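Examination of the molecular architecture
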Amino acid sequence: MTPEPGAILEVDLGAIVRNWRELCDRHSRGAVAGVVKADAYGLGAARVVPALYAAGCRYFFVAHLSEALRIRPLAPDATVAVLNGLAEADAELYVESAIAPVLGSVGEIATWHRTAAARGTRLPALLHVDTGMARLGLDARELKELRRDPALLEGIDVRFVMTHLVSAEVPEDPLSEGQLRRFRTAAAGLPPARQSIANSSGIFLGSAFQSDLARPGAALYGVNPTRAPQNPMHPVATLRSRVLQVREIEPGETVGYNATWTAPRRSRIATVPVGYADGWLRSHSNRGHACFDGQAVPLVGRVSMDLTTFDVTDHPAIAPGTWLELIGPSRTVDAVAETAGTNGYEILTSLGPRFHRIYRG
């Protein structure tokens, strides 16, 4: 027998595909990849990749080689690229698995160059130019070194030169224009190659940020890539949890660890089996809410490891076995993120394995 789930995470694969197609329409000058790192932002790469591949997506990006190895069989003739670069010990595994490293340093380029020379063939890769993030990518000093010694790139089939935008979700931020100028200058000093600029938010910055390949991630999964109140993306994830118990407490009684919430009246408190071990962040404590029949149900007390409590005094229909919506039509992932003091990316990627998962579409 299968136990009754305490919480259900429902993922609409059809909505992910619709989001990808709409991003393709917006990014009309070039292709649109699927960024499926972190297990497709917590929603299940094993299901998301085949859905996007069937829709026509032929470029996939992950952060780690281990992620690429898992999805490689799911998209047999697609380009699968690893954003976190190339470790020398992994070079042969990249070749054997037909995975493209994103090379972000002269050292990584030299490793891939030696690997290609040893095999007597050209090997695919992307070059990452740092234009302001200061994390990964070729900086100004390394770009000069490449220009002085272009032989370093011999044997490397540079599929794209890419950069990563710092503040694309803020359209008025001059950082994006500055990055674009620096990227154009850097690319002009490299061998001719296709370019990849826009992330999810960058697709909405206008035609100047269009290129040969966009790399959306969060927008595919329903996170608003803009600051507009109306999200241009379709919602993808619904999370609901079953009420375990409802108890009545008297005025002045407290709820949860450290007694951070005190009942101002006789109250009904519902407990659901979701906590920070499931990715329901502790920062929701005394701030967040769930929804029932489209109405807000306040979260009270501290979120604990496995349990969260809600004040259901104004909702007499809520009883043990009732389902509360934590993320969904009445409570978007961006709204959940706002009350938790974070972004939708963290909310989705934190969702844990204890949720029973259902895939639609």
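Everything that follows concerns the structure shown earlier in this document.
Residues numbered from 1 in each chain as written. Predicted model: local features only at pLDDT ≥ 70, side-chain atom pairs only at ≥ 80, totals over all residues. Heavy atoms only, no water.

**Observations regarding the overall build of the chain**
Counted only if it meets this: The secondary structure listing takes helices from DSSP runs of H or I that are at least 4 residues long and strands from runs of E that are at least 2 residues long, numbered from the N terminus. Accessibility here uses a 1.4 Å probe with only protein chains present; expressed as a share of the type maximum, an area under 20% marks a residue as buried, one over 50% as exposed, and anything in between as partly exposed. Pairs of residues are marked as contacts when any of their non-hydrogen atoms sit within 4.5 Å. Here the open area of atoms and residues is found with the Shrake-Rupley method and a 1.4 Å probe, where only the protein chains shown may cover a residue. Lys and Arg are tallied as positive, Asp and Glu as negative. Neither His nor the chain termini are counted. All charge positions are set by atom: Lys at NZ, Arg at CZ, Asp at CG, Glu at CD.
Tallying secondary structure elements over the chain gives ten helices and 20 strands in all. In terms of principal-axis extent, the alpha carbons of the chain reach across some 75 × 50 × 40 Å. Out of the 361 residues belonging to the chain, those deemed buried represent 53%. Sequence-distant contacts, at least 24 apart, represent 66% of the contacts inside the chain between residues at least 6 apart. Put simply, the chain shows about 16,000 Å² of open surface, and 51% of that area lies on carbon and sulfur atoms. Averaging the locations of the 37 positively and 37 negatively charged side chains of the chain gives two centres separated by 2 Å.

**With respect to the pattern of salt bridges**
Two side chains bearing opposite charge may form a pair once their charged atoms approach each other closely. Note the following rule: Salt bridge, as applied in this entry: a Lys or Arg side-chain nitrogen positioned within 4 Å of an Asp or Glu carboxyl oxygen.
On inspection of all chains with the given rule, the structure shows 15 salt bridges. Here Arg360 ties to Glu10 by a salt bridge, and the two come within 2.3 Å at their closest N and O atoms. In this pair, Arg360 sits in strand S20 (residues 356–360) while Glu10 sits in strand S1 (residues 7–12), placing the two residues 350 residues apart along the sequence. According to the relative accessible area criterion, Arg360 is partly exposed, its value standing at 41%. You can call Glu10 buried: its relative accessible area is 17%. Across the salt bridge formed by Arg122 and Asp157, the nearest N and O atoms sit 3.9 Å from each other. With Arg122 in the loop between helix H6 (106–119) and strand S7 (123–128) and Asp157 in strand S8 (residues 156–162), this pair connects stretches of sequence that are 35 residues apart. Exposure remark for Arg122: the relative accessible area of 52% places this residue in the exposed category. Its relative accessible area of 23% is what places Asp157 among the partly exposed residues.

**Things to note about the sheet that holds strand S12 (residues 245–249)**
To keep things clear, this is the line we draw: Following DSSP output, two strands are said to pair if at least two bridges run between them. What counts as an axis is a line fitted to C-alpha atoms, over the stretch in contact for a helix, and the angles between N-to-C directions run from 0 to 180 degrees.
An order of S12-S15-S18 is seen for the three strands of this open sheet, with the pairing classed as antiparallel. With one partner strand each, in any of the chains shown, S12 and strand S18 (308–311) form the two edges of the open sheet. The average undirected angle you get between the axes of adjacent strands in this sheet is 30 degrees. The pairing of S12 with strand S15 (residues 267–272) spans five bridges and is classified as antiparallel. Counterpart to Val246 in the pairing with S15 is Ala270.

**Examining the environment of Glu4**
The topology assignment puts Glu4 in the segment before S1. Each C-alpha atom of the pair Glu4 and Ala237 lies 20 Å from the other, and the pair is 233 residues apart in sequence.

**Here's the deal with the environment of Val11**
By the element assignment, Val11 lies in strand S1. Between the alpha carbons of Val11 and Thr238 there is a distance of 6.6 Å; along the sequence they are 227 residues apart. Residue contacts for Val11: discarding those within four places in its chain leaves Ile16, Leu43, Val236, Ile358, Tyr359 and Arg360.

**Describing the environment of Ala116**
Along the polypeptide, Ala116 turns up in helix H6. Once the C-alpha coordinates of Ala116 and Ala259 are considered, the two residues, 143 residues apart in sequence, prove to be 63 Å apart. Setting aside residues no more than four positions away along its own chain, Ala116 makes contact with Thr121, Leu123 and Gly155.

**Observations concerning the nonpolar core**
Heads up, the rule is: What makes a nonpolar core is a set of buried Ala, Val, Leu, Ile, Met, Phe, Trp, Tyr and Cys residues whose side-chain atoms join them at distances within 4.5 Å.
One finds Val36, Phe60, Trp112 and Tyr221 to be the most contacted residues of the largest nonpolar core, which totals 112 residues. Broken down by element, this core gets its largest block of residues, seven residues, from helix H3 (residues 45–55). Discounting residues that sit within four places of it in the chain, Phe60 has contacts with Gly34, Val36, Val49, Leu52, Tyr53, Ile71, Ala75, Ala78, Thr79, Val80 and Ala81. With six residues, the next largest nonpolar core counts Val255, Trp261, Ile269 and Val300 among its residues.

**A few points about the packing of helix H1 (residues 13–26) against H3**
Rules: Roughly parallel here means an angle under 35 degrees, roughly antiparallel means over 145, roughly perpendicular means 65 to 115, and every remaining angle is called oblique. The sense of a crossing depends on the near helix, which, turned anticlockwise from the far helix by less than a right angle, makes the crossing left-handed and, turned clockwise, makes it right-handed. Three classes are used: nonpolar for Ala, Val, Leu, Ile, Met, Phe, Trp, Tyr, Cys and Pro, charged for Asp, Glu, Lys and Arg, and polar for all others, with Gly counted as polar.
Between H1 and H3, the shortest axis-to-axis distance is 10 Å and the interhelical angle comes to 45 degrees. The orientation of H1 with respect to H3, classified from their angle, is oblique. The two elements H1 and H3 meet at a crossing, and its hand is right-handed. Here H1 contributes Leu13, Ile16, Val17, Trp20 and Arg21 to the contact with H3, which in turn contributes Arg47, Val48, Ala51, Leu52 and Ala55. In terms of residue class, the contact of H1 with H3 is made up of eight nonpolar, no polar and two charged.

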